[in-house]
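A closer look at the structure
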Amino acid sequence: MKTKTWVAVVLAVGLSAGRAQAQADEDMLDAATEARIKEGMALAKAHEYAQARISFLQALGLSPGSPKVLLNLAICEQDGELYVEALGHLREYLASPRTNPRKAKRMKETMYEDLWRATGHLRISADRGEAVLLDSVKFGNAPLPEIVDVEPGRHHVTASGRTVHVTVAAGEIENVDLTSPAPVQRVMPVVLPPRREARESYWTGKHVAGVTAGGLAVVAAGVGVGFLAVRANHVSDGKSIASDPNTCVDTASEACTRLRNGQSSAKTAAVVSGVSFGAAVVLGVTAGYLLWPKHHKESSRRVHARVIPTWQGVVIDGDF
């Protein structure tokens, strides 16, 4: 994945842009750092990428976090086929608050995408504080960065005494879970006390039916009382109307019609009230039968007896 275009970019950044580029990135560098950058660019132009990388690393040591140094270093590592290292330094460049946003966007859409497709990626989960080893080398303590960049191929990851072997392809993400399993809680058996009596001590369908019947009995009794009150009102109204001896002289009169209707309604209310009270009695008896506690008595012992007549009288013998 050699991209000579990036070498041209390096030269353009270092030689042509000069101080103007540094000001655009808000990256003011001292003379020693600029000298190391210039040296690295010359070596990169001669395809001496390993030596150029050393110069850029020295420049980064003099000016930590410098966007200009980070970008040149990432380009050098990309041309030297150190794709994992290049992607790491490019991430730092893109995350720097001193990086020119427009230039960062351009690098994200071009160089970053190329490096992502050239490397593999792991998402490693481990218990907080646990040391994580990647290919037998300590990588860091959990929690790790969300994505860990690696060379495509087979790797082994170790943490908490567990090792997971994983193969990752270029441009792909593989998940590695090294978290400890949740502890299994021991559940103590529940010992129920022995039953003292051979009787039902739990809620059954029989109890539900009994409670339902009792509730309906109360409702029926209430309905009966209500219709009794209705009957009493009609009877009272009828007496008031009938107190006038001329009420029904004209059977078609309004007063006479009201008297007849009131008498009819009183009879209907009396019938409904009676039926309701009857239903209340039946339902109440049913509820009492279903809910009344029933004790299972032990069966009485049988008496086995023999009657033996003797000359002195009668002898009763047997088990009692």
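Conventions we followed
Residues numbered from 1 in each chain as written. Predicted model: local features only at pLDDT ≥ 70, side-chain atom pairs only at ≥ 80, totals over all residues. Heavy atoms only, no water. Helix = DSSP H or I, 4+ residues; strand = E, 2+ residues; numbered from the N terminus. Buried < 20%, exposed > 50% of the residue type's maximum accessible area, 1.4 Å probe, protein only. Contact = heavy atoms within 4.5 Å. Areas by Shrake-Rupley, 256 points an atom, 1.4 Å probe, with all protein chains shown as cover. Pairing = 2+ DSSP bridges. Axes fitted to C-alpha atoms, helices over the stretch in contact; angles between N-to-C directions. Parallel < 35°, antiparallel > 145°, perpendicular 65-115°, else oblique. Left-handed = near helix turned anticlockwise from the far one by under 90°. Polar contact = N/O pair within 3.5 Å; in protein donor to acceptor, adjacent residues only side chain to side chain. Core = buried A, V, L, I, M, F, W, Y, C linked by side-chain atoms within 4.5 Å. Nonpolar A, V, L, I, M, F, W, Y, C, P; charged D, E, K, R; others polar. pLDDT = per-residue confidence, 0-100.

**As for the overall build of the protein**
Broken down by element type, the protein carries eight helices and nine strands. Within the span of the protein, comprising 320 residues, buried residues form 31% of the whole. Taking as baseline every contact in the protein between residues at least 6 positions apart, the subset at least 24 positions apart corresponds to 58%. Element-wise, carbon and sulfur atoms account for 58% of the exposed surface of the protein, whose accessible area totals about 20,500 Å².

**With respect to the pairing of strand β1 (residues 120-125)**
Relative to strand β4 (residues 148-150), β1 runs antiparallel, the two being bridged by three bridges. Considered in β4, the bridge of H121 is made with D149. Here five bridges tie β1 to strand β7 (residues 173-177), and the two strands are oriented parallel to one another. Within the sheet, the bridge partner assigned to S125 lies in β7 and is D177.

**Some words on the packing of helix α2 (residues 31-45) against helix α4 (residues 67-79)**
The contact between α2 and α4 brings their axes to 11 Å, and the two run at 20°. By the criterion of interaxial angle, the relationship of α2 to α4 is roughly parallel. In this structure, α2 crosses over α4, and the sense of that crossing is left-handed. Of the residues in α4, those in contact with T33, E34, I37 and M41 of α2 are K68, V69 and N72.

**Side note on the side chain of H121**
Within the secondary structure, H121 is located in strand β1. There is a polar contact of 3.1 Å between the side chain of H121 and the backbone oxygen of W116. Engagement of the side chain of H121 in a polar contact is seen with the side chain of D149, the distance being 2.8 Å. The contacts of H121, once residues within four sequence positions are left out, are L87, W116, I147, V148, D149, V150, V168, G171, E172, I173 and E174.

**Quick word on the nonpolar core**
The tendency in soluble globular proteins is for nonpolar side chains to be buried as a group. Membership of the largest hydrophobic core comes to 28 residues, with the highest contact counts inside it found for I37, F56, L71, L90, M111 and L115. At the level of secondary structure, the elements contributing two or more residues to this core comprise α2, α3 (49-62), α4, α5 (83-95) and α6 (101-118). Setting aside anything within four residues of it in sequence, one finds L90 in contact with L71, A74, M111, Y112 and L115. Core analysis: the next-biggest nonpolar cluster, separate from the first, contains 15 residues, A142, V148, V150 and V166 among them.

**Brief notes about the packing of α2 against α3**
Following both chains from N to C, one finds α2 and α3 inclined at 165°, their axes separated by 8 Å at the closest point. The angle between α2 and α3 falls in the class roughly antiparallel. Along this stretch, α2 crosses α3, giving a crossing that reads as left-handed. Of α3, the residues touching α2 (which contributes A32, T33, R36, I37, E39, G40, M41, L43 and A44) are Y49, Q51, A52, S55, F56, Q58, A59 and L62. Classifying every residue of the contact of α2 with α3 by side-chain character gives ten nonpolar, five polar and two charged.

**A look at the sheet that holds strand β5 (residues 153-159)**
Strand order in the open sheet made by the four strands is β3-β2-β5-β6, with antiparallel pairing throughout. In this open sheet, the two edge strands, each paired with only one partner strand, are β3 (137-141) and β6 (162-168). Here the average twist between neighbouring strands, direction ignored, is 25°. Looking at chain direction, β5 and β6 are connected through seven bridges and run antiparallel. Looking across to β6, one finds that H155 is bridged to V166.

**Considering the confidence of the model for the protein**
Across the protein, pLDDT averages 78, with 72% of residues at or above 70. Across residues 2-25 the pLDDT falls below 50, and counting only partners more than four positions away or on other chains, this stretch makes 48 contacts in the model.

**Some details on the sheet that holds β7**
Taking strand neighbours across the sheet as the criterion, the three strands line up as β4-β1-β7 in an open arrangement whose pairing is mixed. Because the sheet does not close on itself, it has two edges, and the strands there are β4 and β7. Across the sheet, the mean angle from the axis of one strand to that of its neighbour is 30°, orientation sign disregarded.

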